[in-house]
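This is what each chain is made of:
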Amino acid sequence: MILTIDNYPASPHTLALETMFADRKAQFVDFFDWDVPVVEDRFEIDQFDTADAVYLIAIDDAGRHEASLRMLPSWQPHLLGDVFPHLCPGGVPVGATTWESTRLCLPSRHGAMRRRELRNDLISAMADFALARAVEHITGVIPEGFRREVLAMGWRAEPLGPPLRMKGGPIGAFRIRVTSDVRERLAWTGTYTGRLEFAA
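Residues numbered from 1 in each chain as written. Predicted model: local features only at pLDDT ≥ 70, side-chain atom pairs only at ≥ 80, totals over all residues. Heavy atoms only, no water.

Student: Please clarify how a nonpolar patch on the surface should be interpreted in this entry.
Tutor: A cluster of nonpolar side chains, namely Phe31, Phe32 and Trp34, defines an oily patch on the protein surface of about 350 Å² accessible area. For Phe32, a relative accessible area of 42% translates into the label partly exposed. (Patch = residues over 30% accessible without salt bridge, like charges linked within 9 Å, V, L, I, M, F, W, Y side chains within 5 Å. Areas by Shrake-Rupley, 256 points an atom, 1.4 Å probe, with all protein chains shown as cover. Salt bridge = Lys/Arg side-chain N within 4 Å of Asp/Glu carboxyl O. Buried < 20%, exposed > 50% of the residue type's maximum accessible area, 1.4 Å probe, protein only.)

Student: Looking at this structure, I do not really get the environment of Ser11. What am I missing?
Tutor: By the secondary structure assignment, Ser11 is in the loop between strand S1 (2–6) and helix H1 (14–31). With a relative accessible area of 13%, Ser11 lands in the buried category. Distance from Ser11 to Ala51, taken between C-alpha atoms, is 9.9 Å for residues 40 residues apart in sequence. Among the polar contacts made by the side chain of Ser11, one reaches the main-chain amide nitrogen of His13 at a distance of 3.0 Å. (Helix = DSSP H or I, 4+ residues; strand = E, 2+ residues; numbered from the N terminus. Polar contact = N/O pair within 3.5 Å; in protein donor to acceptor, adjacent residues only side chain to side chain.)

Student: Would you take a moment to explain the packing of aromatic side chains for this structure?
Tutor: Here the distance between the centres and the angle between the planes together describe a pair of aromatic rings. Applying the stated rule across the entire model yields nine aromatic pairs. Taken together, a centroid distance of 5.0 Å and an interplanar angle of 75 degrees make the contact between Phe31 and Phe32 edge-to-face. With a relative accessible area of 63%, Phe31 lands in the exposed category. Relative to Phe129, the ring of Trp99 lies with its centre 5.3 Å away and its plane at 80 degrees, an arrangement referred to as edge-to-face. Residue Trp99 is located in strand S6 (residues 98–105), and its partner Phe129 is located in helix H3 (residues 112–132); the two are separated by 30 residues in the primary sequence. Residue classification places Trp99 among the buried residues on the basis of a relative accessible area of 9%. The class of Phe129 is buried, set by a relative accessible area of 5%. Taken together through their ring pairs, the aromatic side chains of Phe28, Phe31, Phe32 and Trp34 make up a single cluster. Lying across the ring of Phe28, Arg103 places its NZ or CZ 5.4 Å from the centre. (Phe/Tyr/Trp six-rings, centres within 6.5 Å; stacked < 30°, edge-to-face > 60°. Lys NZ or Arg CZ within 6 Å of the ring centre and 35° of its normal.)

Student: What is the right way to read the confidence of the model for the protein from this model?
Tutor: When pLDDT is low, close inspection of the predicted coordinates is not appropriate. Here the protein shows a mean pLDDT of 93. Residues at 70 or above account for 97%. Taken element by element, the predicted model of the protein shows its lowest mean pLDDT in strand S11 (residues 198–199) (54) and its highest in strand S5 (residues 65–73) (98). (pLDDT = per-residue confidence, 0-100.)

Student: Which parts of the structure should I look at to understand the nonpolar core?
Tutor: Inside soluble globular proteins, nonpolar side chains tend to come together where they are buried. Ranked by internal contacts, the top residues of the largest apolar core, which has 30 residues, are Leu56, Met71, Met126, Ile138, Val150, Trp155 and Leu186. When contributions to this core are tallied by element, the ones reaching two or more residues are strand S4 (54–59), S5, H3, strand S7 (137–143), helix H4 (144–151), strand S10 (169–177) and helix H5 (182–188). Top element by residues in this core is H3. It accounts for eight residues. By size, the runner-up hydrophobic cluster in this structure holds 23 residues, among which are Ile5, Ile57, Leu160 and Ile171. (Core = buried A, V, L, I, M, F, W, Y, C linked by side-chain atoms within 4.5 Å.)

Student: Explain the pattern of salt bridges to me, please; I cannot follow it from the model alone.
Tutor: A side chain with one charge can pair with a side chain of the opposite charge if their charged atoms come near. Inspection of every chain in the model, using the stated rule, returns 16 salt bridges. Its salt-bridge partner being Arg103, residue Glu44 comes within 3.0 Å of it at the nearest N-O pair. Placement of the pair is Glu44 in strand S3 (residues 43–44) and Arg103 in strand S6, with a sequence separation of 59 residues. With relative accessibility at 0%, the residue Glu44 sits in the buried group. Take Arg103: its relative accessible area is 8%, and that puts it in the buried class. Put simply, Arg147 and Glu144 hold a salt bridge, and the shortest N to O gap is 2.8 Å. One end of the pair, Arg147, and the other, Glu144, are both in helix H4, three residues apart, so they sit about a helical turn from each other. Each member of the pair, Arg147 as well as Glu144, is classed as buried. Where salt bridges share partners, they join Arg24, Glu44, Asp46, Asp49, Arg70 and Arg103 into one cluster.

Below, the structure is given as structure tokens:
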């Protein structure tokens, strides 16, 4: 099941959120060694984890986090606009119909095959989210290797600039144009699963 969580401080899905922030700490801090905030030595929660964020969280039967990503409205503070604008030589795309996708968390405990399934579920959920909320563009900052995968998933996507080398490897920015046929285009490459159960 995929949870869509708005205004997370008021959400009743405490277990899903707590285990998500804990898994983010394990992935981004313990494994990737990112210099990002850690709360109570357990949770990776940064300045963009606010009531404006929307979380897409895959949960198990017990309601615990399996994988997730975060959507941020571009007209509010967000990673590309506030931390990495230099990745966009032509300017950071912003506007009422542009959202940023960040913090894709796929815990290593799942193994490669399950991680790919969860990745596709989250990409599918993001496409559905965009269509449901009239989102026209999705932006993001990710490792260059994964950016190449994102650009080749079938949807209308483009790089926003050259990759930048950083500690841990090069990263780059991208933009996805959300078209009415985005589900079909993602299905061409087997990315869109079309089998998701959602809960608010």
